[in-house]
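Notes for the structure review
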Amino acid sequence: MLPSCHITGAFLIFASRTNPGKNYNRMFDLVTDSVRPEGLKRQDETRQGEAYAPFANDPNTYKKRFYIESYGCQMNFADSEIVASILNQQGFGATRNVEEADLIFINTCSIREKAEQTVRKRLTEFRKLKDQKKGMLVGVLGCMAERLKSKFLEEEKLVDLVVGPDAYRTLPGLVEEAEGGQKAVNVLLSREETYADISPVRLDSNGVSAFVSIMRGCNNMCSFCVVPFTRGRERSRDTESIIHECRDLFEKGYREVTLLGQNVDSYYYVNDKANETITFGKLLERVALISPLLRVRFSTSHPKDITDEVLHIMAQYENICRYIHLPVQSGSSRVLQLMNRTYTREWYMAKVDRIRELMPDCGISSDIIAGFCTEEERDHQDTLSIMEHSRYDMSYMFFYSERPGTLAQRRYKDDVPEDIKKRRLQEIVELQNRLSLESNQQDLGKTFKVLIEGNSKRSETDWMGRNSQNKVIVFPKETYELKKGDYVMVNVTDCTQATLLGKIVN
Ligand code: 5AD
Ligand code: SF4
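About the cut-offs
Residues numbered from 1 in each chain as written. Chains lettered and ligands numbered in written order. Predicted model: local features only at pLDDT ≥ 70, side-chain atom pairs only at ≥ 80, totals over all residues. Heavy atoms only, no water. Salt bridge = Lys/Arg side-chain N within 4 Å of Asp/Glu carboxyl O. Helix = DSSP H or I, 4+ residues; strand = E, 2+ residues; numbered from the N terminus. Polar contact = N/O pair within 3.5 Å; in protein donor to acceptor, adjacent residues only side chain to side chain. Contact = heavy atoms within 4.5 Å. Pairing = 2+ DSSP bridges. Axes fitted to C-alpha atoms, helices over the stretch in contact; angles between N-to-C directions.

1. Quick look at the pattern of salt bridges
In the structure shown here, the tally under the stated rule is 44 salt bridges. Two residues, D197 and R169, come together in a salt bridge whose shortest N-O distance is 2.8 Å. Highlighted residues: D197 in the loop between β7 (184-186) and β8 (209-213) and R169 in the loop between β6 (161-163) and α4 (171-179), separated in sequence by 28 residues. Several salt bridges converge on common partners, so that one network encompasses D79, D166, R216, R231 and R235.

2. Some thoughts on the side chain of R295
Looking at the secondary structure, you find R295 in strand β14 (residues 295-299). At a separation of 2.9 Å, a polar atom in the side chain of R295 contacts the main-chain carbonyl oxygen of K449. Filtering out sequence-adjacent residues up to four positions away, R295 remains in contact with R255, E256, V257, N319, C321, K449, V450, L451, R466, N467, S468 and Y487.

3. Description of the environment of K157
Mapped onto the secondary structure, K157 falls in the loop between α3 (145-155) and β6. For the pair K157 and K183, spaced 26 residues apart in sequence, the C-alpha to C-alpha distance is 9.8 Å. Excluding anything up to four places from it in sequence, K157 contacts R127, K151 and F152.

4. Observations regarding the sheet that holds strand β20 (residues 472-476)
Backbone-to-backbone hydrogen bonds pair the strands of a sheet. The strands run either parallel or antiparallel. Strand order in the closed barrel formed by 5 strands is β18-β19-β20-β22-β21, and the pairing between neighbours is mixed. The average angle at which neighbouring strand axes cross in this sheet is 50 degrees, direction not considered. In this structure, strand β21 (residues 487-495) lies alongside strand β22 (residues 500-504), joined through 5 bridges in antiparallel fashion. The residue of β22 that forms the bridge with V490 is I504.

Below, the structure is given as structure tokens:
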């Protein structure tokens, strides 16, 4: 049996896709032995450390080749596609083969300590390659850049370039500097940069679903979280550029877009020319109107920001998927206050009830942290009971990992012993396993509209797709003339905790 990965993950990651030659770097807190879902939509352990290139046999000739490996959240994976676009324009071509590369980039994540350790280990391996190949350059991108720039560049001499998430436009110049033997660094954060005009190179695309970044940064200052420091202030991308990108994807044959941001519900764009203000609800509607054949998803929602306007718009359009990732983090109002989440247990539960009232069939998933500072047994019990109340279809579960510079690190003591953190996390995982199985069992006998994403991992005679609720469904191809990107009605005949199994219905 393959190891499970559905309990892992920093932010949000996409479908696992075929990925030859990748290395399976584990950056996660806990892995159980349960069944691996066919294709995780969000943070997927198997995507960590993926190296992508857009096409196997690229006919173009390039002056240099770059290799890029990505860790962490969906935003990071989407950013790697922007980096690829910027480098492409400068005459650099992507390669999946690290040994062939002149430039090696690692797009890093800082969300938990373990993620950082993984990157460090990888950099040491690249260092060895670099020693064997003259002129090869290694660069660190993303969230670790700011905090570890001097350590990587000067102290440990691991890398030649360090580039933060808002400085990718300066990459070509920095590469030149590094080629000239200088240590090239730009970790400046910006209040404006959204890379709105850059058309991402889809690095590992199934050709069906794509990720579209709609905002960057985060202003929320959850006390455990390093993101506001590594990715800076929140800013929304120009609406027209988002619509343009989504329409273009649809015209190229894509059938699903996921609108990405650390906190998508606070999307807010003022179009001075049209004298118009676009909220997230309005944006969702505009994307949904591109075509009824284009599915729209989004991630992540902060419970405090998801409005009735958004819920009503979701309910109104069939192609806006019935699925909300609504991280709770803790079920205890006291802990939530220390986390600076700005809602109470009761408020969160009322939000879940409201979602179910407006969309009874909506899938809901969560992020949960075990063992935050001062957490007591009764707080932990509150977390378990809020999970029962919310009946999550799926959760990403972590134990608390103190991050330098965060509010929690400055204000509170990381005082829950590791064995207790792990025991509580285990209980959370076990409960989620039961909830996921029960949720899937409830779908037995139901028929869903499924978007085909490709072959099932286990058999070429089966398709793998997803229903609106983001559940993976595997079903035999039979003799139907279908292809990926098609919609098909599938009746659920069986399930595991992670996957629905079904049969095509006419
Ligand atoms: N420790 C553990 N988990 C964390 N997350 C964010 N910061 C930390 C931390 N310091 C989790 C939260 C968040 C998800 C992306 O990662 O649950 O929603
Ligand atoms: Fe971090 Fe909170 Fe912002 Fe999410 S909403 S990125 S958890 S600060």
